[in-house]
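Fold and geometry: a report
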Amino acid sequence: MRLPHLKIGQRLAFGYGFVIVLLIAMTLVGVARLGALSRTTDEALREKYPNTVLVNEVIFELGAVARAMRNTLIMTEPDQVKAQLADIARAKLRVTALMGQLTLNVRDPAGVEILQQIEIIRSAYTFNQEEFIALLADGRLGEAKNLLLVDLDPYQGDYFRALEKLQQHESALMEQARTAIDASYQRARVSMLALSGFAALLSVVITFGITRSLLRQLGGEPDYATAIARQIAAGQMDLEIAIAPRDRASLLYAMKVMRDRLEERTFALQETNAELEQSLESLKMTQDDLVRSEKLAALGSLVAGVAHELNTPIGNGLLAASSLADHVRSFEGEVAAGLRKSALEAHLAEVHQAADIMLRNLNRAVDLVASFKQVAVDRASSQGREFLLDEVVTEILLTLWPSLKNCGVAITHDIPPGISMRSYPGAVGQVLTNLVNNAVIHGFDGVHGGCVAVRARVRDDGWVDLEVRDDGAGIAPEHLGRIYDPFFTTKLGKGGSGLGLNIVYNLVHGVLDGRIAVQSAVGKGTVFTVTLPLDAFHD
């Protein structure tokens with residue numbers, strides 16, 4: 001099909017328009033055939049199927065009446081008998097209504113004859129049924145039972161058999177209707193398949209004609225055009241594109257022009273990317289410097305706090321030592337003048353008191369130095385080791401205590417003893433330090449009082465949950481999704497760098513091979529849960 005003066009859309013419209021007209025004609029023929037099928041089906045559904053359903057419902061209701069009548073003879077409570085009689089009354093009304101519908105719907109002579117037989121049996125059955133109900137109402141249960149067994153049961157059996165006969169008759173009519181539907185369906189199927197085959201053949205002819213026209217628009221075979229497009233998409237800009245000498249309108253020609261322009265833009269993008277890489281490297285170096293500054297600031301605060309805390313026991317020990325030296329000099333004078341027993345006893349008491357003060361304060365200083373030394377070693381080393389979680393947490397909180405004791409926030413911990421881990425205690429300490437400091441700084445800003453609790457729980461799957469909970473101000477919902485972003489802080493310009501929780505996230509996921517979750521409600525506090533493997537080495 002050659003239509004050179006038309007555009008591709010117009011060619012497709014004219015070509016397939018004819019196919020559509022043919023399909024419409026085929027559809028009309030199919031609709032006519034389906035109309036006959038629909039009429040046959042509708043007749044079956046309207047006349048045959050409802051009658052079968054009605055007969056089944058009559059049988060069901062008749063069975064309900066039979067069960068209710070038997071139940072009245074075995075029940076002793078008046079309310080129960082009354083309920084059964086009510087069920088019988090409802091079923092009778094339902095049977096009457098259904099039989100009325102059957103009388104209107106059943107038209108064929110055989111069905112009418114069966115229905116007349118059912119009506120005769122039903123009249124006798126109903127008469128005896130009413131007499132049965134009257135006997136029950138008078139309390140004459142023996143006579144009612146005798147009536148049920150002698151008269152009602154035979155009528156009931158005839159009733160059921162007549163209904164089953166009508167049911168079989170209607171089912172036979174349904175089978176005849178199904179056969180007619182199948183025949184109608186086969187005729188419609190043959191007609192539509194024949195028309196479909198003709199339409200498919202015509203579509204092939206039209207498609208062949210349009211394809212030849214489209215190839216000229218493409219400038220070559222579709223596979224070649226596709227290969228060229230893929231190579232251009234893959235960045236191969238130096239490929240040769242073969243087009244006809246006078247081709248200035250095909251797709252391949254347009255792709256060649258696009259390739260030339262892409263080469264120009266690619267060169268410009270490469271220059272821009274080089275500039276962006278330099279900016280990104282500079283930004284990364286700045287971020288690394290800020291992270292180091294954050295860590296050094298935290299370590300400096302830790303050292304200052306421990307030094308301040310050490311001043312107290314050392315000062316107390318020094319005061320006790322100087323007091324003891326004064327007492328020794330005074331004691332020497334008393335010895336030279338003549339020593340009395342009371343003076344010796346007083347001197348010994350003072351020596352014991354001074355020695356006790358010095359020992360207690362020096363032991364306190366030794367504990368502080370040992371804790372700080374262990375924390376400093378862990379933070380300075382990236383080596384993992386086996387440790388007890390309660391000991392590491394105690395050491396970390398002990399080193400934090402000097403800088404936090406005047407903030408008015410109670411720091412508590414509940415770590416079950418004996419939780420052994422093979423991990424990186426330095427990273428665990430940094431995570432715990434940042435989370436506690438974050439809770440104190442952000443959760444209790446401008447508030448005196450509150451509590452930060454550190455807890456741990458061993459799970460059954462070889463992991464441990466380390467929880468840092470505070471009852472502070474909480475985190476606003478719009479901030480929860482950004483708290484781990486670098487440089488995000490609500491205290492910009494007030495001393496906050498926005499790197500604390502980013503460092504925590506990187507340590508938990510990158511070093512400790514764990515995960516971290518947060519729950520928070522404004523005004524109710526925040527809970528950070530760090531889940532860590534008991535064995536981070538996986539050997």
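Use the structure listed above.
Attention in this report is confined to the structure presented alongside it. Keep in mind that what you see is a predicted model, and the values were worked out from it rather than measured.

Structural notes on the pattern of salt bridges
It is possible for side chains bearing opposite charge to pair when their charged atoms get close. Under the criterion given, the structure shown has twelve salt bridges. Among the salt bridges present, the one from Glu57 reaches Arg94, with a minimum N-O distance of 2.8 Å. Of this pair, Glu57 sits in helix α1 (residues 8–74) while Arg94 is found in helix α2 (residues 78–105), placing the two residues 37 residues apart along the sequence. Judged by its relative accessible area of 28%, Glu57 falls in the partly exposed class. Judged by its relative accessible area of 34%, Arg94 is partly exposed. When the shortest N-O distance is used, the salt bridge between Asp87 and Arg90 registers 2.1 Å. Here the residue Asp87 and the residue Arg90 both occupy positions in helix α2, the gap between them amounting to three residues, near one helical turn. Because the salt bridges share partners, they merge into one network encompassing Arg457, Arg459, Asp461 and Asp465.

Here's the deal with the packing of aromatic side chains
Summed over all chains, the structure comprises two aromatic pairs. Consider the rings of Tyr424 and Phe537, whose centres lie 5.5 Å apart with planes at 80°: the pair is edge-to-face. Of this pair, Tyr424 sits in the loop between β3 (420–423) and α9 (425–443) while Phe537 is found in the segment after β7 (525–533), placing the two residues 113 residues apart along the sequence. Under the relative-accessibility criterion, Phe537 is labelled partly exposed at 28%. Considering the side-chain rings of Tyr484 and Tyr505, the 5.1 Å spacing of their centres and the 40° angle between planes classify their relative orientation as tilted. Note that Tyr484 is positioned in the loop between α10 (477–480) and α11 (500–511) and Tyr505 in helix α11, a separation of 21 residues in sequence.

Topic: α11
With twelve residues, α11 extends 16 Å between its outermost C-alpha atoms, agreeing within 8% with the 16 Å of an ideal straight helix rising 1.5 Å per residue. All buried positions along α11 are accounted for by Gly500, Leu501, Asn502, Ile503, Val504, Leu507 and Val508.

Digging into the sheet that holds strand β6 (residues 515–521)
Judged by pairing direction, the sheet is mixed, and its five strands sit side by side in the order β2-β4-β5-β7-β6 without closing on themselves. Strands at the two margins of the open sheet, each flanked by one partner only, are β2 (410–414) and β6. Neighbour to neighbour, the strand axes of the sheet diverge by 15° on average, direction disregarded. Relative to β7, strand β5 (residues 463–470) runs antiparallel, the two being bridged by eight bridges. Paired with Asp465 across the strands is Thr531, a residue of β7. Packing of helix α8 (residues 389–404) onto the sheet brings it into contact with β2, β4 (451–458) and β5, and relative to β2 it is tilted by some 175°.

Conventions and cut-offs
- Residues numbered from 1 in each chain as written.
- Predicted model: local features only at pLDDT ≥ 70, side-chain atom pairs only at ≥ 80, totals over all residues.
- Heavy atoms only, no water.
- Salt bridge = Lys/Arg side-chain N within 4 Å of Asp/Glu carboxyl O.
- Helix = DSSP H or I, 4+ residues; strand = E, 2+ residues; numbered from the N terminus.
- Buried < 20%, exposed > 50% of the residue type's maximum accessible area, 1.4 Å probe, protein only.
- Phe/Tyr/Trp six-rings, centres within 6.5 Å; stacked < 30°, edge-to-face > 60°.
- Expected span 1.5 Å × (residues − 1).
- Pairing = 2+ DSSP bridges.
- Axes fitted to C-alpha atoms, helices over the stretch in contact; angles between N-to-C directions.
- Contact = heavy atoms within 4.5 Å.

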